[in-house]
Structures are given as structure tokens and as C-alpha cells.
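These are the residues of each chain, in order.
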Amino acid sequence: MTRDPSQPPFLTGERLVLRPLVAADATRDYLAWLNDAEVLRYRAPKALPTTMPQLRAWIASLPGRGDLVLAIRTKRGDRHVGNIALNTILWVHRSAELSIMLGAADARGRGYGREAIALLTAHGFASMGLNRIWAESPNPAFNRAVASLGWRREGLKREALLVDGKLVDVVCWSILAREWKKRGR
Ligand SMILES: CC(C)(COP(=O)(O)OP(=O)(O)OC[C@H]1O[C@@H](n2cnc3c(N)ncnc32)[C@H](O)[C@@H]1OP(=O)(O)O)[C@@H](O)C(=O)NCCC(=O)NCCS
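Residues numbered from 1 in each chain as written. Predicted model: local features only at pLDDT ≥ 70, side-chain atom pairs only at ≥ 80, totals over all residues.

A word on the environment of Ala57. By the element assignment, Ala57 lies in helix H3 (residues 52-61). Distance in space between the C-alpha atoms of Ala57 and Ala26 is 9.8 Å, their sequence separation being 31 residues. (Helix = DSSP H or I, 4+ residues; strand = E, 2+ residues; numbered from the N terminus.)

And the structure:
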């Protein structure tokens, strides 16, 4: 996968860089993630396929949406392995929702999720002036990742999503700027 030279890294971590998602990122690999059973497993809109025109249109709509959507790329091999975003940015209330998808199966379970979440959380507090970042997920890997970064569990949305034919609880999380700062990040 080649890199769009007009998009330098925006946030840089130990093994990952995050940079804006651009039209050139709409590859067949990326489209495959959006139709992959493992990725769809824990997502709310899971019953409908995504097509290439829909993916391209979504990327094209990003600049007007007001969300911060970044491609997650490995430093080694400069490979696009997923996306991470701050959505529902409420500037007045200084809060935003974090969402993440590691689409490439071989990129999961290697600490990339935790690293990308830490990078974007730090950016949200240090550079965007946010006070609260929140997320909700039924995915045990996501829940462990945010718990290990000091996010607080706020509650449960009971039986909110159908996963493998069973209604499961969605865990609600948040972290506040002062809590992140206290952890010395
Ligand atoms: C959820 C996701 C972001 C986690 O990222 P990841 O890089 O795979 O996870 P990490 O390697 O950073 O591991 C985070 C923690 O989860 C644990 N973990 C990893 N895979 C796991 C699994 N399949 N089941 C349970 N725990 C798991 C790790 O051991 C680690 O816990 P620890 O710190 O206590 O050891 C990623 O797997 C993903 O994008 N999945 C598909 C889409 C999705 O479900 N997104 C979340 C919806 S909000």
C-alpha cells in the first residue's frame, strides 16, 4: 500500500503513526475490513454491506463532518491497518467520543489498539482542549485497552448489541483531562 506523500504523520507513537484519512486510503483491503465478520461483530450497524462508492463518499465527506478521523499506520512497512477517530465533538462542553477499528486481522492483539488510543487521548487533552473523552464497546479487547490506560468505567448499556446471536452489554467508559494528567502522560 503506498503512502499519499501529501499527508505526513499527524501523531507519532512508538510503533504507529496516525494521519488524516484521504481518498487514496480507499483500497480493496480497507473495503474488505468493512465487510469482515470479525470487524462487524462488535459494531452497531452490522447487517448491511459497504460498497466502494459508499466508502469513497464517506471519506470525501470527512472534511465537512467536524470529526477527527485518522488512519492508523504501522511505522514498519508504512501499512494502513485501521482507523481511529474523535466523533461527536462538543466544543462548548469540551467532550468527544473515541472510536477505533483495527481492520487488518494480523494487527490485532499486538498492543496497537492501546497505543493508538493513548496517542489520540493525549492529543484530545493537550491540543484540542477537551475535558472528557468517552467511548462505549462490548469488545473485551477494547475494554481492557481503555481500562489499562486509566479510563473509568461509567456504567453498562444492558443487552444493547447482538453479538454472535446473543444480546450483550455495552460498557461505557470515559476519562477526564485531570485524570490523564495525573497519570503523567
Ligand atoms: C478493539 C481493538 C481496538 C483492540 O485493539 P488491539 O490492538 O487488538 O488490542 P491490544 O493488543 O492493545 O490489547 C488490549 C487489551 O485487550 C486484550 N486483548 C487483546 N485481544 C483480546 C481478545 N480477543 N479478547 C480479550 N482480550 C483481548 C489484551 O491482552 C490487552 O489486555 P491487557 O493490557 O490486560 O494485556 C481491536 O481489536 C479492534 O479494532 N477490533 C475490531 C473492531 C472493534 O471491535 N472495535 C472496537 C469497537 S469500539
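There's more to say after this.
Pairing within the open sheet is mixed, and its eight strands lie in the order S1-S2-S3-S4-S5-S6-S8-S7. Edge positions in the sheet fall to strand S1 (11-12) and strand S7 (152-163), since each of these pairs with one other strand and no more. In this structure, strand S6 (residues 132-137) lies alongside strand S8 (residues 166-176), joined through six bridges in antiparallel fashion. The residue of S8 that forms the bridge with Arg132 is Leu176. Running over the sheet, helix H4 (residues 112-126) touches S1, strand S2 (16-20), strand S3 (68-74), strand S4 (80-90), strand S5 (95-102), S6 and S8 and is turned about 155 degrees from S5. (Pairing = 2+ DSSP bridges. Contact = placed C-beta atoms within 7 Å. Axes fitted to C-alpha atoms, helices over the stretch in contact; angles between N-to-C directions.)

Attention now moves to the nonpolar core. Within the largest apolar cluster, 35 residues are counted, with the highest numbers of intra-cluster contacts made by Leu18, Ile72 and Ala116. Breaking this core down by element, the ones donating at least two residues are S2, S3, S4, S5, H4, S6, helix H5 (140-148) and S8. With seven residues, H4 is the single largest residue contributor to this core. (Core = buried A, V, L, I, M, F, W, Y, C linked by C-beta atoms within 7 Å. Buried ≥ 20, exposed ≤ 12 C-beta atoms within 10 Å, placed from the backbone.)

Another point: the site of the ligand. The full set close to the ligand counts 22 residues, and Leu102, Gly113, Arg114, Ala141 and Arg144 are the nearest of them. When residues of the shell around the ligand are traced back to their parent elements, those giving at least two are S5, H4 and H5. (Near = placed C-beta within 6 Å.)

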